[in-house]
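A closer look at the structure
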Number of protein chains: 2
Amino acid sequence: MAYSPAVQELMEALRCLPGVGPKSAQRMTFSLLQHDRSAAGRLARALQTAADSVGECRLCRNLTEADLCPLCASGRRDPGLLCVVENPSDVQALEDATDYGGLYFVLKGRLSPLDGIGPGELGLESLEARLAAGEVGEIILAVSPTVEGEATAQYIAGMAADAGVDIARIAHGVPLGGDLDYVDAGTLSHAFAGRARYR
Amino acid sequence: MAYSPAVQELMEALRCLPGVGPKSAQRMTFSLLQHDRSAAGRLARALQTAADSVGECRLCRNLTEADLCPLCASGRRDPGLLCVVENPSDVQALEDATDYGGLYFVLKGRLSPLDGIGPGELGLESLEARLAAGEVGEIILAVSPTVEGEATAQYIAGMAADAGVDIARIAHGVPLGGDLDYVDAGTLSHAFAGRARYR
Ligand SMILES: [Zn+2]
Ligand SMILES: [Zn+2]
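Cut-offs and rules
Residues numbered from 1 in each chain as written. Chains lettered and ligands numbered in written order. Predicted model: local features only at pLDDT ≥ 70, side-chain atom pairs only at ≥ 80, totals over all residues. Heavy atoms only, no water. Helix = DSSP H or I, 4+ residues; strand = E, 2+ residues; numbered from the N terminus. Rg over C-alpha atoms; globule rule 2.2 N^0.38 Å. Buried < 20%, exposed > 50% of the residue type's maximum accessible area, 1.4 Å probe, protein only. Contact = heavy atoms within 4.5 Å. Areas by Shrake-Rupley, 256 points an atom, 1.4 Å probe, with all protein chains shown as cover. Lys, Arg positive; Asp, Glu negative; His and termini not counted. Charge placed at Lys NZ, Arg CZ, Asp CG, Glu CD. UniProt positions renumbered as here; feature names shortened; annotations may be inferred. Pairing = 2+ DSSP bridges. Axes fitted to C-alpha atoms, helices over the stretch in contact; angles between N-to-C directions. Donors = N, O, S within 2.8 Å, 3.2 Å for Na, K, Ca; no water. Tetrahedral: all angles 85-135°; square planar, octahedral: opposite > 155°, others 65-115°. Parallel < 35°, antiparallel > 145°, perpendicular 65-115°, else oblique. Left-handed = near helix turned anticlockwise from the far one by under 90°. Nonpolar A, V, L, I, M, F, W, Y, C, P; charged D, E, K, R; others polar. Salt bridge = Lys/Arg side-chain N within 4 Å of Asp/Glu carboxyl O. Arc of directions from axis to C-beta. Domains from an automatic or database assignment. Least-squares fit on C-alpha atoms with pLDDT ≥ 70 in both.

1. Considerations on the overall build of chain A
A tally of regular secondary structure across chain A gives 8 helices and 6 strands. The C-alpha radius of gyration computed for chain A amounts to 22 Å, which surpasses the reference 16 Å derived for 199 residues by more than 25%, pointing to a less compact arrangement than a globule. Seen through its principal axes, chain A has C-alpha atoms that stretch 65 × 45 × 35 Å. For chain A, buried positions account for 41% of its 199 residues. Here the contacts in chain A between residues at least 6 apart in sequence split such that 49% fall between residues at least 24 apart. Put simply, chain A shows about 10400 Å² of open surface, and 53% of that area lies on carbon and sulfur atoms. In chain A, which carries 17 positive and 26 negative side-chain charges, the distance between the mean positions of the two groups comes to 7 Å.

See the structure below:
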């Protein structure tokens, strides 16, 4: 073993990052220790702070170290619109791509009873309570068109119906400008089955 | 901005890692905070420990938190053989690929006067003192066949001649099994110019 214990441990710890194999971990270690000692310290502090303090938003379950995330805490979002997404990254993607001005609810997963993921794991009681409170007028589902995503959509549609709340779902299909032969078969079959009358 | 400050800061701090752009940093942040909180803590500690404690080996300049790196401290390496490399990662590559049993010297760069990198920046005085001490019988140069690598090789060859130490250089050329049309032009031209008599 040519590495000292502290170097070896850093190399191994970096492997917890998604997409980082032994070669990348080695490259990252040398880069941090040779050229970027202060960046290593900054990253260490950011990791420790986030690991110690980040929990979930009381309203939307997005990641935050505060009681409410910046969007739920903002007075400038429409509380009558609620977009339901699977992951925190979906929130940022929609914020970047649309001018949506409502709030979000982050499921952090999809219904999957075989994996032990039921309504409780997705925080659906708190969503139900929120719908019962009457402020939400429309739900927009932005969950994936997978088997589990469909089951999740169905479940939430049932809750919306019980609460008398409108519900819509974002369109899935062939991406704009996408060549049909580059689109995966699942997307293409979904787009074909979901065809709408033209003119 | 949909991210809370601690999440945002972690995302930005991860960008110091080589090869990590905004999308990867986001993916890493969510992965650490959603699924891998204890790994985030471990990585934070490993980074802090390494950033605070790792310096360079007194003899070979490789990264280590001790006075001597594991190889220089080992009693089982031949102190008469010294392989000179450019980077710490080269040491591990040679250890993995060969049965070399000598010691190393890590330049951490190449002579490049225009960039302010002279013999002092590469630790060549300490290499000279080591050669003068008489224990090293052969130097093996494993520096890159670039312009700066050649200049570095020439300089060290001069030191070796002054000290009466043998010097060799690892072979550069077309990789084994490498198709000629996949090899870069520099390597191919080098391999062609350095052709040896066949039979
Ligand atoms: Zn929130
Ligand atoms: Zn050493």
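Next comes the rest of the account.
2. Structural notes on the UniProt feature "domain: Toprim" (unreviewed entry) in chain A
Per the UniProt record, "domain: Toprim" (unreviewed entry) is annotated on residues 80–175 of chain A. Taken end to end, residues 80–175 of chain A comprises 38% helix and 21% strand; its first and last C-alpha atoms sit 29 Å apart.

3. Describing the sheet that holds strand E4 (residues 102–106) of chain A
All names here are of chain A. With parallel pairing, 4 strands are arranged side by side in an open sheet as E4-E3-E5-E6. Two strands in the sheet have a free side with no partner beyond their single neighbour: E4 and strand E6 (166–169). Each strand of the sheet is rotated relative to its neighbour by a mean of 25°, with strand direction disregarded. In this structure, strand E5 (residues 138–142) lies alongside E6, joined through 4 bridges in parallel fashion. Following the sheet pairing, Ile140 is matched in E6 by Ala168. Running at roughly 155° to E4, helix H5 (residues 88–97) makes contact with strand E3 (78–85), E4 and E5 of the sheet. Across the face of the sheet, helix H6 (residues 124–132) comes into contact with E3, E4 and E5 while running at roughly 150° to E4.

4. Structural notes on the coordination of the zinc ion (ligand 2)
Residues and elements named next belong to chain B. Protein coordination of the zinc ion (ligand 2) is provided by Cys57 (SG), Cys60 (SG), Cys69 (SG) and Cys72 (SG), with donor distances spanning 2.2 to 2.4 Å. For the zinc ion (ligand 2), the 4 donor atoms are set out with angles of 104 to 119° between them, so the coordination reads as tetrahedral. Here the donor residues of the zinc ion (ligand 2) are spaced in sequence according to C-x2-C-x8-C-x2-C.

5. What to know about the packing of H6 of chain A against helix H7 (residues 147–163) of chain A
All names here are of chain A. Contact pair H6 / H7: the axes reach a minimum separation of 10 Å and the direction vectors enclose 25°. As summarised for this structure, H6 and H7 are arranged roughly parallel, according to the angle between their axes. In this structure, the crossing between H6 and H7 has a hand that is right-handed. Residue-level contacts link Leu124, Leu127, Glu128 and Leu131 of H6 to Tyr155, Ile156, Met159, Ala160 and Ala163 of H7. The residue makeup of the contact of H6 with H7, split by class, is 8 nonpolar, no polar and 1 charged.

6. Looking at the pattern of salt bridges
All chains considered together, the criterion is met by 16 salt bridges over all chains. Of the charged contacts, one joins Arg110 of chain A and Glu86 of chain A as a salt bridge, the two residues approaching to 3.0 Å between their closest N and O atoms. Here the residue Arg110 of chain A occupies a position in the loop between E4 and H6, and Glu86 of chain A occupies one in the loop between E3 and H5, the gap between them amounting to 24 residues. A relative accessible area of 29% means that Arg110 of chain A is categorised as partly exposed. The salt bridge involving Arg77 of chain B is made with Glu95 of chain B; its shortest N-O contact spans 2.7 Å. Taken together, the positions of Arg77 of chain B in the loop between helix H4 (70–73) and strand E3 (78–85) and Glu95 of chain B in helix H5 (residues 88–97) put the pair 18 residues apart, joining distant regions of the chain. The class for Arg77 of chain B is buried, based on a relative accessible area of 16%. Linked through salt bridges whose partners overlap, the residues forming this network are Glu9 and Glu12 of chain A together with Arg42 of chain B.

7. Quick word on the coordination of the zinc ion (ligand 1)
Residues and elements named next belong to chain A. Only Cys57 (SG), Cys60 (SG), Cys69 (SG) and Cys72 (SG) from the protein reach the zinc ion (ligand 1) as donors, at distances of 2.2 to 2.4 Å. For the zinc ion (ligand 1), the 4 donor atoms in the first shell make angles of 103 to 118° at the metal, a pattern classed as tetrahedral. In primary-sequence terms, the residues that donate to the zinc ion (ligand 1) follow C-x2-C-x8-C-x2-C. Residue Cys69 is classed as buried on the basis of its relative accessible area, which comes to 1%.

8. Here we look at helix H1 (residues 5–13) of chain A
For H1 of chain A, every residue scored as buried is listed here: Ala6, Val7, Leu10, Met11 and Ala13 of chain A. Taken down its axis, H1 of chain A places every buried residue within 165° of arc, on the same side.

9. Looking at the sheet that holds E3 of chain B
Residue and element names in this part refer to chain B. One open sheet accounts for 4 strands, arranged E4-E3-E5-E6; its pairing is parallel. Each edge of the open sheet carries a strand with a single partner, namely strand E4 (102–106) and strand E6 (166–169). On average, each strand axis in the sheet is tilted by 25° relative to the strand beside it, whichever way the strands run. Pairing analysis gives 5 bridges linking E3 to strand E5 (residues 138–142), with the strands arranged parallel.

10. Here's the deal with the domain arrangement of chain A
Domain assignment breaks chain A into domain 1 (5–53) and domain 2 (60–169). Between the C-alpha centres of domain 1 of chain A and domain 2 of chain A there is a distance of 34 Å.

11. Points about the relation of the copies chain B and chain A
Both copies of the chain are related by a screw-like operation: a rotation about an axis and a shift along it. Turning chain B through 180° and shifting it by 0.0 Å along the axis lays it on chain A, with an RMSD of 0.1 Å. Look at the turn and shift together and you get a two-fold axis relating the two. Looking at the rotation axis and the C-alpha trace of chain B, the residue lying nearest is Ala44 of chain B, at 2.1 Å.

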